[in-house]
Amino acid sequence: MAFEDTVNIESPIHDIRTQAIKNFEIEGFPTKRQEAWKYTSLNSILKYDYSVFPKHEKALDYGEVKKYFIHDIDSYKIIFVDGKYSSHLSQTTHDGIDVCLMSAALTKPKYRLVIDNYFNKIAAKDGLSSLNTAFSAEGAYIHIPKNKVVEKPIQILHFSTGDESALLLQPRNLIVVDENAHVQIIERHQSLTDNPVLTNSVTEVFANKRAIVDYYKIQNDRQTASLIDNTFINQKRESVAKLHTFSFGGKLTRNNVSFFQNGERIDSTMKGITIIGNKQHVDHNTLVHHIEPNCESHQDYKGIFDDNATGVFNGKVVVEKEAQKTNAFQANNNILISDKASINTKPQLEIFADDVKCSHGCTIGQLDESAMFYLRSRGIPKKEARALLMFGFSNNVLETVTIPEIKNRITKIIAQKLGVNIGFNL
Amino acid sequence: MSKYTEDDLREELKTKEYEYGFYTDIESDTFPNGLNEDIVRAISKKKNEPQWMTEWRLEAFRAWEDMIEPEWANIHYKKPDFQAISYYSAPNSKPKYDSLDEVDPELLATFKKLGISLDEQKKLAGVAMDVVVDSVSVATTFKKTLAEKGIIFMSISEAIQEYPELVRKYIGTVVPKKDNFYAALNSAVFSDGSFCYIPKGVKCPMELSTYFRINQAGTGQFERTLVVADEGSYVSYLEGCTAPSRDENQLHAAVVELIALDNAEIKYSTVQNWYPGNSEGKGGVYNFVTKRGLCEKNAKISWTQVETGSAITWKYPSCVLKGDNSVGEFYSIAVTNNFQQADTGTKMIHLGKNTKSTIISKGISAGKSQNSYRGLVQISPRADNARNFSQCDSLLMGNECGAHTFPYIEAKNKTAQVEHEATTSKIGEDQIFYCNQRGIDTEKAIALIVNGFSKDVLNKLPMEFAVEAQKLLEISLEGSVG
């Protein structure tokens, strides 16, 4: 194991890593032959000779990268440059809550208990997640103790500077939110040059009793950057977890999102807006596992696809026998703008309980011509009218965003994507 | 007296034949178990088929040998041993019983509920029958009318002899012989089936049904159906029967091909009620069917199915909408009870412009059964203005069954309009209460609600089928509520 030399053998997770390496050797990278990867091929991004551990650190100036932050609000920041922690861009804390580094959490004894209880407990054992478990060196560690409401959001940003000709990043995040605690997290991956980058990220989130977790993923990367995001969220009773994913760019983006509802009266929400063009590919692969009674889940994914873009939605809702009175809803709406764009969608329901309300709907369609005519007849130019309609189409995803600055930022990105200069805020 | 179970019946069926020696011993009608090229050749020879047909079968067989049994479906079963099956036995011409008194009383009770005439009952249960004058005369007049119109309706073996050009032209064009594992197996060993050809501009005056094709009764284990509707013609075809058919064949791998040429319309209705296994999930038929239709310009194919039988159902009647303005429809009710498993749905492949498809699927699961809908809607890049509407509703009864939905939607054209919606629910206690309150007992109330739930599909069935299908739903769900 060549990689083993560079990681800490004394680490408490050494056994987990060894096992993960074995898993990866068995599983390997997923291929299109696997049902969950039927519409997404990794061939185009696995052809590069990625360097896994960058040789030297590169410092970034805040001015250079300010625009990638949600900078108009005060926040905790955990910033990585080429996979290495950047202390001068970051703002971490141990004051009442732990917002710090995975590498520290894995080595310092005071975190041992949390690591033992939570680390790698819900991450999948498939090839990609195992690869991350085996070789990831860094990431964010967030632990919010009981009854603590974190007053400002936590931003996790990963920059890649293009120092290496091709870089593989494997961030590993662990987020533990204890009873009654509340946290907001913003995550973003950004490449600063045109050198190929592949990020294989694994995030484990534990929302304990009555905790509230509000998670935002902003994906607006370059045409050369690819992202495989694996997020696992384990919820205990009466907790609320919301995940918003905004996918506006990147060569290939795959979002694996899994929610496990281990308790009663849990609420899970996952929403997404995807607006892509060129040859971009975005794949949302979601799973909600209803294990106990009286829980809810809401899924709402909107997609707008231009040029040669391809979109995939693969949503799965599993309702176990015990999970009576489940209320699960899933929607996926898509608009194809160009002749070469395509969308593959597969909303699945697997239901073993009888007293449930489960429904899903998905549509593929065009903008309503009469609505278009209405706007045009009132003097709104074609481009703007189109943009307004598309914004309206995706707007109900934004309705549940609780940080206004994020909403503004997303609105701006949407305007930019649609090539208009209007505010949308009526 | 201990309860007379279906197993006993099966046992009885097996032993009875030998006991009374009802073998038609003209020549050995059953081939030894196992499958190899010689068996395929022998089947072909037995049917006195032309050289091209033999070659065609052999090609399919060779392809089949390299194929693996598909495992993607949401069903679990012990795979059949393909070398332990006899691939040819003559149609069930031999009677199993001397009189109706010997038949399983449970079966007879079901017949009675379905309102099947005594003669038909005998026929279905496999009781030795005198010549039923009525039935023959019906069939004769029937055949005469068809002949006048130029409609060809016969068994596929006959058609291979009498109209080899037609069969050769169309067979395997919609379901290629190497299409999938079971289709390849069927192509290699199919024993018999139906062939139907409607000439240009002819509207078939009656519902064609396999039932009326007397003398060729008995669905073979590997049935092959080919329906060709020439330009501007119309045909409605009924397959199967509402009556429970106690077939001894464990494995059924049928292939149905429909070809609707320009402006033609084919309506294909199926009621499948094969032996579903007993209430402990033992026995029952494995039903692995490949059904596909091809629509040319302005053509329309409509599949309607009521699936209540079989232990395992694996069936996806599909439409290839090749011609512009063609229409595909799929209406399905799948009922599973006890340990039945169904993985069924449809594929709508939109290739032509302005093509439309509608999918209405109703799944009802009870007992410990698993019921899956699996569908594909594919809009190809040149299928401008394609339109699809899909609706899949599932009804669950009891908390030990499962309902699953696996819709695949692939759109590659920006003018496509695709809608899919699915719901899962149970029968509301308030609904039952409402009925109870008005003096309708729970069993009847459920029948009523199920009927309403499946109405969209039942309405699409031809009249005579619809009535029976309604009763069938009732019977299939009997005892599913405590």
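Because the structure is a prediction, the values reported are computed rather than measured.

This next bit is on the overall build of chain A. When helices and strands are counted, chain A shows nine helices and 20 strands. The C-alpha atoms of chain A give 21 Å as radius of gyration, which agrees with the globular expectation for 426 residues (22 Å, within 12%). On the principal axes, the C-alpha backbone points of chain A span a range of 70 × 55 × 45 Å. Burial status across chain A gives 51% buried among its 426 residues.

Our next topic: helix H2 (residues 37-46) of chain B. Every α-helix carries 3.6 residues per turn, so stepping three or four residues along brings you back to the same face. All names here are of chain B. Taken residue by residue, H2 has Val40, Ile43 and Ser44 as its buried positions. Angularly, the buried residues of H2 cover 95° about the axis, an arc narrow enough to put them on a single face. Opposite the packed face of H2, turned more than 90 degrees from it, sit the exposed residues Asp38 and Lys45.

What follows concerns the pairing of strand E20 (residues 417-426) of chain B. Both strand E20 (residues 357-365) of chain A and E20 of chain B contribute to a ladder of seven bridges, which runs antiparallel. Paired with cysteine 362 of chain A across the two strands is histidine 420 of chain B, which belongs to E20 of chain B.

It is worth spelling out the interface of chain A and chain B at this point. Residue-level contacts link 32 residues of chain A with 31 residues of chain B. Going through the elements one at a time, strand E19 (342-351) and E20 of chain A are the ones with two or more residues in the side of chain A that touches chain B. For the side of chain A that touches chain B, the element with the highest residue contribution is E19 of chain A, accounting for 10 residues. Here the residues of the side of chain A that touches chain B are counted per class, giving 13 nonpolar, 11 polar and eight charged.

On to the environment of glutamine 51 of chain B, then. Residues and elements named next belong to chain B. Counting through the fold element by element, glutamine 51 comes out in helix H3 (residues 51-65). Of the residues examined, glutamine 51 has 8 C-beta atoms within 10 Å and is grouped as exposed. Placed 372 residues apart in sequence, glutamine 51 and threonine 423 show a C-alpha to C-alpha distance of 52 Å.

Let us now look at the nonpolar core. Judged by nonpolar contacts, the single largest core of 206 residues is most densely connected at Val177 of chain A together with Ala229, Leu258, Ala260 and Ile266 of chain B. If you tally residues by element for this core, the top one is helix H9 (residues 181-189) of chain B, at six residues. Counting residues domain by domain, this core receives three or more from each of domain 1 (3-262) and domain 2 (367-426) of chain A. Those residues in contact with leucine 258 of chain B that lie beyond four places of it in its chain are Val174, Val227, Ile266, Tyr268, Gly293, Leu294 and Ile301 of chain B.

Across chain A, the average pLDDT comes to 88, with 96% of residues at 70 or higher. Below pLDDT 50 for its whole length, residues 1-5 of chain A participates in three contacts with residues either more than four positions away or in separate chains.

What counts and what doesn't
- Residues numbered from 1 in each chain as written.
- Chains lettered and ligands numbered in written order.
- Predicted model: local features only at pLDDT ≥ 70, side-chain atom pairs only at ≥ 80, totals over all residues.
- Helix = DSSP H or I, 4+ residues; strand = E, 2+ residues; numbered from the N terminus.
- Rg over C-alpha atoms; globule rule 2.2 N^0.38 Å.
- Buried ≥ 20, exposed ≤ 12 C-beta atoms within 10 Å, placed from the backbone.
- Arc of directions from axis to C-beta.
- Pairing = 2+ DSSP bridges.
- Contact = placed C-beta atoms within 7 Å.
- Nonpolar A, V, L, I, M, F, W, Y, C, P; charged D, E, K, R; others polar.
- Core = buried A, V, L, I, M, F, W, Y, C linked by C-beta atoms within 7 Å.
- Domains from an automatic or database assignment.
- pLDDT = per-residue confidence, 0-100.

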